[in-house]
Amino acid sequence: MKNKTIKWGIIGCGKIANKFATDLATIENTEFFAVASRSQENADEFAQKFNAKNAYNSYEALAKDIEVDAIYIATPHSFHKEHAILCLQNKKAVLCEKPFAMNLQEVEEMIAIAKANNTLLMEALWTYFLPHYKYVLEIVKNEKFGKLNKLEADFGFYTPYNTDSRVFKKEVGGGSLLDIGIYPIFAALSALGTPTKINANATFFKNGADSSCSMIFDYKNAKAYLKSTLLEETKTEAIFTFSDAKIIINSRFHEPSTVTIIKDNKEEIIDFNYKTIGYNFETAHFNQLLRDDKKESNIMTFEFSKKLMRTLDDVRKIIGLEY
Ligand SMILES: NC(=O)c1ccc[n+]([C@@H]2O[C@H](COP(=O)([O-])OP(=O)(O)OC[C@H]3O[C@@H](n4cnc5c(N)ncnc54)[C@H](OP(=O)(O)O)[C@@H]3O)[C@@H](O)[C@H]2O)c1
């Protein structure tokens, strides 16, 4: 089973599905086997573009394809739970886009169904698997530059308000926090753990989706300053201040990037020589979990996904954002 070819299916033919399929082609012993869209035309076009064997006009048909081993869910947030459960009940291993679902209750339901079906489930928080991010986390863990006492992380871009786009549509989980605020929050939780106190404030579009959210997480000996916004371009970097040095994950920190280490007035830039968009790292990990017959990731654990969602829920409560 060491080199077993994993046959993948993809649900939803949107933007991220295109990037995921592009990187899938770069992974050894991996086959893009089938795709499902709400429209047969889109499924056919996507299958042709990326060389998949089967193209379905129903997500259920893909979940029932007996040859498929793993399914990547690339639909808007509010459908993640329903689509993950559909696949898990058909015994398909599920890699589901972030945010894992809309709230903690949904995440717990998904995990319970994965366990009841003895089937692998993982949240596709790709940053956790990127070499530059792992490199920085290792420095945090081994305290190479002393204690981490401050983290600043932001994610912001501007696109005109348009409720045809899922990014702004409140019914499908639109707004800055769940879509991009999840990354600065992920940075804080992965580097510093669960905060002792959260402060947050937000601005809103007229439909009630949040247009920006600023957060301060308090820790016993550290603070994290986090921000997401759909109103302006921001640097989208993560700055880790240690007692003996500063590390900047350069723009954009959540995707393949470089790392700058500033110590004793000297700067060193580390280039990780990425050759792909970056989605192959999480997928290769997932493939290995499947080959090893694992039902949960040892990196993106259920506990971590729950912690991430619990924090998003807590922030939403503070800013008054309900879905
Ligand atoms: N990891 C990352 O870097 C990253 C980046 C971007 C997005 N994401 C996540 O991926 C998910 C999808 O984002 P995206 O940017 O790819 O969105 P998108 O371009 O709008 O694509 C979403 C796809 O979902 C399907 N869908 C099913 N029901 C839908 C509905 N009622 N309304 C709209 N689409 C529906 C559609 O595919 P069919 O019509 O073919 O069925 C659509 O093309 C989001 O949860 C987002 O957070 C992750």
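Residues numbered from 1 in each chain as written. Predicted model: local features only at pLDDT ≥ 70, side-chain atom pairs only at ≥ 80, totals over all residues. Heavy atoms only, no water.

Caption draft 1: Summary view of the sheet that holds strand 13 (residues 259-263). A sheet is described by the order of its strands in space; here eight strands give the open sequence 8-9-10-7-11-12-13-14, paired in mixed fashion. One side of each edge strand has no neighbouring strand; the edge strands of this open sheet are strand 8 (197-204) and strand 14 (266-270). Across the sheet, the mean angle separating the axes of adjacent strands is 10 degrees when strand polarity is ignored. Bridge analysis of strand 11 (residues 238-242) against strand 12 (residues 246-249) gives four bridges, and the strand direction is antiparallel. Of the residues in strand 12, the one forming a bridge with Ile239 is Ile248. (Pairing = 2+ DSSP bridges. Helix = DSSP H or I, 4+ residues; strand = E, 2+ residues; numbered from the N terminus. Axes fitted to C-alpha atoms, helices over the stretch in contact; angles between N-to-C directions.)

Caption draft 2: Spatial organisation of the pattern of salt bridges. Counted according to the given criterion, the structure contains 17 salt bridges. Between Lys4 and Asp69 there is a salt bridge; the shortest N-O distance is 3.3 Å. Residue Lys4 is found in the segment before strand 1 (6-11), and its partner Asp69 is found in the loop between helix 3 (59-63) and strand 4 (70-73); the two are separated by 65 residues along the sequence. The closest approach of N and O atoms between Asp293 and Lys295, which form a salt bridge, is 2.9 Å. Because the salt bridges share partners, they merge into one network encompassing Lys7, Lys53 and Glu67. (Salt bridge = Lys/Arg side-chain N within 4 Å of Asp/Glu carboxyl O.)

Caption draft 3: Here's a closer look at the domain arrangement of the protein chain. If you check the domain split of the protein chain, you get domain 1 (6-126) and domain 2 (131-277). Between the C-alpha centres of domain 1 and domain 2 there is a distance of 27 Å. In this assembly, 14 residues from domain 1 lie in contact with 14 residues from domain 2. Summing the contributions of domain 1 and of domain 2, the shared interface buries around 1,300 Å²; its carbon and sulfur component is 69%. Broken down residue by residue, the surface that domain 1 buries against domain 2 is led by His77, Leu125 and Trp126, which jointly contribute 43%. The interface formed by domain 1 and domain 2 holds one salt bridge in total. The salt bridge involving Lys98 is made with Asp179; its shortest N-O contact spans 3.7 Å. Our count for the contact surface shared by domain 1 and domain 2 stands at four residue pairs in polar contact (both at pLDDT 80 or more). Of the residues assigned to the side of domain 1 that touches domain 2, the class counts are six nonpolar, four polar and four charged. (Domains from an automatic or database assignment. Contact = heavy atoms within 4.5 Å. Buried area = accessible area lost by both parts, 1.4 Å probe. Polar contact = N/O pair within 3.5 Å; in protein donor to acceptor, adjacent residues only side chain to side chain. Nonpolar A, V, L, I, M, F, W, Y, C, P; charged D, E, K, R; others polar.)

Caption draft 4: Geometry of the pairing of strand 14. Here strand 13 pairs with strand 14 via five bridges, running antiparallel. Of the residues in strand 14, the one forming a bridge with Ile261 is Glu268.

Caption draft 5: Broad picture of the sheet that holds strand 5 (residues 93-97). Strands sit in the order 3-2-1-4-5-6 across an open sheet of six strands; the sheet is parallel. Every interior strand has two partners, whereas the edge strands, strand 3 (54-56) and strand 6 (121-124), have only one. In this sheet, neighbouring strand axes are inclined to one another by 25 degrees on average, regardless of whether the strands run parallel or antiparallel. Note that strand 1 and strand 4 share four bridges and pair parallel. Pairing of Ile11 across the sheet is with Ile73, part of strand 4. Strands strand 1, strand 2 (30-36), strand 4 and strand 5 of the sheet are contacted by helix 1 (residues 15-24), whose axis makes an angle of about 165 degrees with strand 1.

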